[in-house]
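Survey of secondary and tertiary structure
The chain contents come next:
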Amino acid sequence: MGNETLIEAIRTKLAAAVESVSESLGDQVLTVRPGSLRSAMAALREGPFDYAVLLDLTCVDYAAGEGRFELVYHLYSMSRNTRLRLKVSVPAADPAVDSLNGLWKNADWLEREVFDMFGVRFDGHPYLRRLLTYEGFEGHPLRKSYPWRLAQPRIPMKDKA
Amino acid sequence: MSGLDFLTTRLETALGWGRKFSLFHYPFITACCGMEYMSAACAHFDIDRFGAGLTRFSPRQADLLLVVGTVTHKLAPVLRTVYDQMLEPKWVIAFGACAVSGGIYQNYAVVQGIDRIVPVDVYIPGCPPRPEMVLDGLLKLQDKIQHQKQDWRWGTKP
């Protein structure tokens, strides 16, 4: 299946989920509606698309507007050696999407990291707890609203003059 | 009759001499500076020439704590515990820019210099410092040990 026909097939199959399609740095980028993320992912993972690997999950904080947080999923198909990027905008007030646990095992820690750093909630995650920061850490350090350089020491620190 | 029939010294001086040439070090290695530590410790630069060749992997057997690399707030209690477990007399070397001042990391995660957690005797800056600089720092520490007031607890009341 060629790249154009593949994208056409994805558009046809996921017409309800896909908001727009673009291309960036040689990879196809799908913008997906938050509500249909999990079903779209499940469809992409199987069958003719065969995006069997979840390479990475990251998040971007655009600081303003309704879709403040944008989740970026990277998929990889080993059988066709192609990559696909999916973007999902989540609202600033209650940032949450469906968890991908059950589709990919590594979604567990990737989602925990995004939760830790950005405070995006993943509904259906079995164990959504901080991954990188420690117990007692308040706030989400990679949010633009997190105070610059604010440290949260666990033991008393001597102040330097 | 030739040479030395007798030798006089002060207890302080003798203790300092003994201590500075028998440093057992505990490497607390967290980052890329560890490569330079390995380079300094192994045969090519050979830290053993200065009597600091015996690496101990238990803080209870060590008297020189080498903090090599970035220390984060998550790790800070561990470093403090390791320092507390070491027996007196003990010394600390901050190895590399991150241990000295936090280095290039000024953010929510990194401790801005390990002297906020433990007292530091010698700072070795550099990102990472060359082995020559490490050896120079070690010589500076030996000089400090030789000339500092020696703490000897036996025979004194607590």
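The structure presented is a predicted model; accordingly, all values stated were derived computationally and were not measured.

Residue and element names in this part refer to chain B. Across all of its chains, the model carries 1 cavity of 30 Å³ or more by this definition. Roughly 30 Å³ of volume is contained in the largest cavity. If you go around the largest cavity, the residues you meet are His25, Ile47, Ala52, Leu64, Leu66, Ile93, Val134 and Leu138. Residue assignment for the lining of the largest cavity shows that the elements contributing at least two residues are β3 (64-68) and α5 (131-147).

Attention now goes to the confidence of the model for chain B. In this model, chain B carries a mean pLDDT of 89, and residues with pLDDT of at least 70 account for 96%. At the low end of the mean pLDDT range in chain B sits strand β2 (residues 54-55) of chain B, at 88; at the high end sits strand β5 (residues 122-124) of chain B, at 95.

All names here are of chain A. What the 5 strands build is an open sheet, ordered β1-β2-β5-β4-β3; its pairing is mixed. Either end of the sheet is taken by a strand with one partner, and the two such strands are β1 (18-24) and β3 (53-61). Direction aside, the axes of adjacent strands within the sheet are offset by 20° on average. Here β1 pairs with strand β2 (residues 27-32) via 6 bridges, running antiparallel.

Another aspect to go through is the packing of helix α1 (residues 11-20) of chain B against α5(B). The description of two packed helices rests on the angle between their axes and on the distance between the axes. Residues and elements named next belong to chain B. The contact between α1 and α5 brings their axes to 8 Å, and the two run at 155°. Viewed along their axes, α1 and α5 adopt a mutual orientation that is roughly antiparallel. For the crossing formed where α1 meets α5, the hand is right-handed. Between α1 and α5, the residues in contact are Thr13, Gly16, Trp17, Arg19 and Lys20 and Gln142, Ile145 and Gln146, respectively. Broken down by class, the residue content of the contact of α1 with α5 amounts to 2 nonpolar, 4 polar and 2 charged.

In this section: the layout of surface pockets. Size it by volume and the largest pocket reaches roughly 180 Å³. Of the residues that constitute the lining of the largest pocket, the class distribution is 5 nonpolar, 4 polar and 2 charged.

Let us look at the sheet that holds β2(B). Residues and elements named next belong to chain B. The strand order across the open sheet built from 5 strands is β2-β1-β3-β4-β5, with neighbouring strands paired in parallel fashion. In this open sheet, the two edge strands, each paired with only one partner strand, are β2 and β5. Here strand β1 (residues 24-29) pairs with β2 via 2 bridges, running parallel. The partner of His25 across the bridge, within β2, is Thr55.

A few words now on the interface of chain A and chain B. Accessible area lost upon the coming together of the parts serves often as the stated size of an interface. The interface is formed by 20 residues belonging to chain A together with 15 residues belonging to chain B. Where chain A abuts chain B, roughly 1,500 Å² becomes buried across the two surfaces, and 59% of that area is made up of carbon and sulfur atoms. Where chain A touches chain B, the interface holds 0 salt bridges. Our enumeration of links across chain A and chain B arrives at 4 residue pairs in polar contact (both at pLDDT 80 or more). Considering only residue class, the side of chain A that touches chain B consists of 14 nonpolar, 2 polar and 4 charged.

Rules used in this analysis
- Residues numbered from 1 in each chain as written.
- Chains lettered and ligands numbered in written order.
- Predicted model: local features only at pLDDT ≥ 70, side-chain atom pairs only at ≥ 80, totals over all residues.
- Heavy atoms only, no water.
- 1 Å grid on protein atoms, 1.4 Å probe; cavity = no way out; pocket = protein on both sides within 12 Å on 5 of 7 lines; lining within 4 Å.
- Points joined across faces, edges and corners; volume = space filled by probe spheres on them.
- Helix = DSSP H or I, 4+ residues; strand = E, 2+ residues; numbered from the N terminus.
- pLDDT = per-residue confidence, 0-100.
- Pairing = 2+ DSSP bridges.
- Axes fitted to C-alpha atoms, helices over the stretch in contact; angles between N-to-C directions.
- Parallel < 35°, antiparallel > 145°, perpendicular 65-115°, else oblique.
- Left-handed = near helix turned anticlockwise from the far one by under 90°.
- Contact = heavy atoms within 4.5 Å.
- Nonpolar A, V, L, I, M, F, W, Y, C, P; charged D, E, K, R; others polar.
- Buried area = accessible area lost by both parts, 1.4 Å probe.
- Salt bridge = Lys/Arg side-chain N within 4 Å of Asp/Glu carboxyl O.
- Polar contact = N/O pair within 3.5 Å; in protein donor to acceptor, adjacent residues only side chain to side chain.

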